[in-house]
Amino acid sequence: RTVYVNGEYLPEHEAKISIFDRAFLMADGVYEVTSVLDGKLIDFAGHAKRLERSLSELDMRSPVTTDELLEIHRELVRQNGIEEGLVYLQITRGAPGDRDFVFPDPETTEPTIVLFTQNKPGLADSPAAKKGMKIISIEDQRWGRRDIKTTQLLYPSMGKMMAKKAGADDAWMVEDGFVTEGTSNNAYIIKGNTIITRALSNDILHGITRAAVLRFAAEAQMKVEERNYSIDEAKEADEAFITSASAFVMPVVEIDGVALGDGTPGARAARLREIYLEESRKAAI
Ligand code: PMP
């Protein structure tokens, strides 16, 4: 696989970054994951915009322009022959000469930029989407700026492991009695013809897929309510689902051992997935 590191396209085994890189020592980095369908990028503009915001909230800068970033994404997709898959991008505050809590001077320390692709044939026609996901609920123990897409992913990773140990597929995190989001996705319930999801704030990541799905709700003849909901309300919902760039729209069929409806993926979530894939393919670049 060819990867991109600081201006160079290299075979992955030749790619190297410093042990003093701030992302390695302090998780001082931000990332984006953009999906690829039919060899084209899904919602690149949305991801580029969120990246800019993450960088600016952390007083970091991008070493490349958005046009250059698009070019790098496309070049990696081309060189690695990706038809369906993902492009991972990470920008860090760089590698000063030593470990120090104080941010390095941006005049002397260049940010690090790394991109690689993940080949995922069958991403759209996923068996998981036909089966639906089993979810457990866990306490949300992350920091308070979840709107910034940082590489601090230890708690979400632990959450996935808790789910796995419980025989489930993923965990929804709960804070002050209300669902925030999934470990790596936004969380929704459906009651009647209404999609209910937590409103945007610093408590959750502002999902690019979330924005698209809420835009497409009208096309599915559905209403949207952005508000808090508890895990108990979720267990009594007609349907539930999650969204992310890598899972698109994925139905949830069970929460903490309680089956939703008849325990199979709901028709509305399935329809939203269809519309999302169709519209995204049309708009891909
Ligand atoms: N919330 C969290 C915590 C995530 O990690 C992700 C995926 N990175 C999302 C939501 C979904 O965001 P997107 O639709 O932009 O992939």
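Within each chain, residue numbers correspond to sequence positions counted from 1 in written order. Per-residue local features are limited, in this predicted model, to residues with pLDDT of at least 70; the limit for side-chain atom pairs, both in listing and counting, is 80 or more; totals at the level of whole chains, interfaces and linings are taken over all residues.

### Some points on the overall build of the chain
Numbering of helices and strands runs from the N terminus, with a helix taken as a DSSP run of H or I at least four residues long and a strand as a DSSP run of E at least two residues long. From N to C terminus, the chain includes eight helices and 15 strands. Each radius of gyration reported is based on C-alpha atoms, and the globular scaling rule is 2.2 Å times the count of residues to the power 0.38. Computed over C-alpha atoms, the radius of gyration of the chain comes to 19 Å, within 12% of the 19 Å expected from 2.2 N^0.38 for 285 residues, which places it in the range of a compact globule. To assign burial, the other C-beta atoms lying within 10 Å of each residue's own C-beta are counted, with C-beta atoms placed from the backbone; 20 or more indicates buried, 12 or fewer indicates exposed, and intermediate counts indicate partly exposed. Here the chain holds 285 residues, and 39% of them are scored as buried. C-beta atoms are first placed from the backbone for all residues, and any pair lying within 7 Å is then listed as a contact. Here the analysis covers contacts within the chain between residues at least 6 apart in sequence; of these, 72% occur between residues at least 24 apart.

### What to know about the sheet that holds strand E6 (residues 112-119)
What makes two strands pair is DSSP finding at least two bridges between them. As summarised here, the arrangement of the six strands in space is E2-E1-E6-E5-E3-E4, forming an open sheet in which the pairing is antiparallel. Edge positions in the sheet fall to strand E2 (8-11) and strand E4 (40-41), since each has one partner strand and no second. Axis lines are fitted through C-alpha atoms, for helices just across the contact stretch, and the angle between N-to-C directions can take any value from 0 to 180 degrees. Its contacts with the sheet put helix H2 (residues 44-57) on strand E3 (29-37), E4 and strand E5 (85-92), and the angle it makes with E3 is roughly 180 degrees.

### Considering helix H6 (residues 208-216)
Among all positions of H6, only Ile208, Thr209, Arg210, Ala212 and Val213 are buried. The inward-facing, buried residues of H6 abut H2, strand E10 (186-191), strand E13 (239-244), strand E14 (248-255) and helix H8 (267-283).

### A short note on the domain arrangement of the chain
Residue ranges labeled as domains rest on an automatic or database domain assignment. According to the domain assignment, the chain consists of domain 1 (2-119) and domain 2 (127-283). One C-alpha centre belongs to domain 1, the other to domain 2, and the line joining them spans 26 Å. On the domain 2 side, the residues contacting the 21 residues of domain 1 number 13 residues. When residues of the side of domain 1 that touches domain 2 are traced back to their parent elements, those giving at least two are E3, H2 and E5. Broken down by element, the side of domain 1 that touches domain 2 gets its largest block of residues, eight residues, from E3. By residue class, the composition of the side of domain 1 that touches domain 2 is nine nonpolar, seven polar and five charged. When residues are sorted by character, Ala, Val, Leu, Ile, Met, Phe, Trp, Tyr, Cys and Pro go into the nonpolar class, Asp, Glu, Lys and Arg into the charged class, and all the rest, Gly among them, into the polar class.

### So, the packing of H6 against H8
In a pair of packed helices, the angle between the axes and the distance between the axes together describe the arrangement. For the pair H6 and H8, the least separation of the axes is 10 Å and the interaxial angle reads 105 degrees. The pairing of H6 with H8 is recorded here as roughly perpendicular in orientation. Contacts between H6 and H8 involve Ala212, Val213 and Phe216 from the first element and Leu272, Ile275, Tyr276, Glu279 and Ser280 from the second. Broken down by class, the residue content of the contact of H6 with H8 amounts to six nonpolar, one polar and one charged. In this scheme, roughly parallel covers angles under 35 degrees and roughly antiparallel covers those over 145, while 65 to 115 is roughly perpendicular and the rest are oblique.

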